[in-house]
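Fold and contact review
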Amino acid sequence: MPKSQVRKKKVYTPPTDVRPTATAATRKPSPVWLPASAIALIVGGIGWLVVYYLSEQEYPVATWGYWNLAVGFGAMVASLILLSRWR
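One numbering rule holds for all chains: residues counted from 1, following each sequence as written. Confidence filtering applies because this is a predicted model: local features only for residues at pLDDT of at least 70, side-chain atom pairs given and counted only at 80 or more, and all residues used for totals across whole chains, interfaces and linings. Each side-chain value is worked out from all heavy atoms of the structure, with water and hydrogens disregarded.

1. Some remarks on helix α1 (residues 33-54)
A run of H or I in DSSP becomes a helix once it reaches four residues, and a run of E becomes a strand once it reaches two; helices and strands are each numbered from the N terminus. In a helix, the anticipated span is given by 1.5 Å times the number of residues less one. Counted at 1.5 Å a residue, the expected span for α1 with its 22 residues is 32 Å, and the 31 Å between its end C-alpha atoms agrees. Accessible area is worked out with a 1.4 Å probe on protein chains only. A residue is then buried under 20% of its type maximum, exposed over 50%, and partly exposed in between. Looking at α1, one finds that the buried residues are Leu34, Pro35, Ala38, Gly45, Leu49 and Tyr52. Seen from one end, α1 has its buried residues packed into an arc of 135°, which puts them on one side. In α1, the exposed residues that point more than 90 degrees away from the buried face are Trp33, Ile39, Val43 and Leu54. Throughout, a contact is declared for two residues whenever any of their heavy atoms are within 4.5 Å. Here the buried face of α1 lies against α2 (67-84). Glu56, located one to two residues past α1, shows a positive phi value of around 55°. Note that the arc is defined by the directions from the helix axis to the C-beta atoms.

2. A short note on a nonpolar patch on the surface
On the surface, Ile46, Val50 and Leu54 cluster together into a nonpolar patch covering about 290 Å² of accessible area. Position of Val50 among the secondary structure elements: in helix α1. The class of Val50 is partly exposed, set by a relative accessible area of 40%. Without a salt bridge and with relative accessible area above 30%, a residue can belong to a patch; like charges are then joined within 9 Å and nonpolar side chains (Val, Leu, Ile, Met, Phe, Trp, Tyr) within 5 Å. Accessible surface is estimated by sampling points in the Shrake-Rupley manner with a 1.4 Å probe; for residues, cover comes only from the protein chains shown. When a carboxyl oxygen of Asp or Glu lies within 4 Å of a side-chain nitrogen of Lys or Arg, that pair is called a salt bridge.

Everything listed here is a matter of geometry and, on its own, says nothing about what the molecule does.
Following this line, the structure appears as structure tokens:
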């Protein structure tokens with residue numbers, strides 16, 4: 001059986017000036033209010049939409065019409081933005 005060839009190239013190491021300065025160990029953990037407010041926004045957004053549909057579009061604010069959907073989905077999107085910052 002033939003012997004495999006030995007690698008002649010050196011292993012690549014990136015230059016030190018290109019490496020990121022902040023490592024994962026130096027980042028601070030998220031504040032306690034962040035996941036709590038994200039969960040509150042998710043529950044509030046879902047609750048807003050459920051009330052809107054079950055009340056046959058009379059509540060939470062009847063004059064807003066379909067903008068109630070934007071409020072409910074906007075709250076859920078805001079919670080996703082908050083959760084993207086969670087460590």
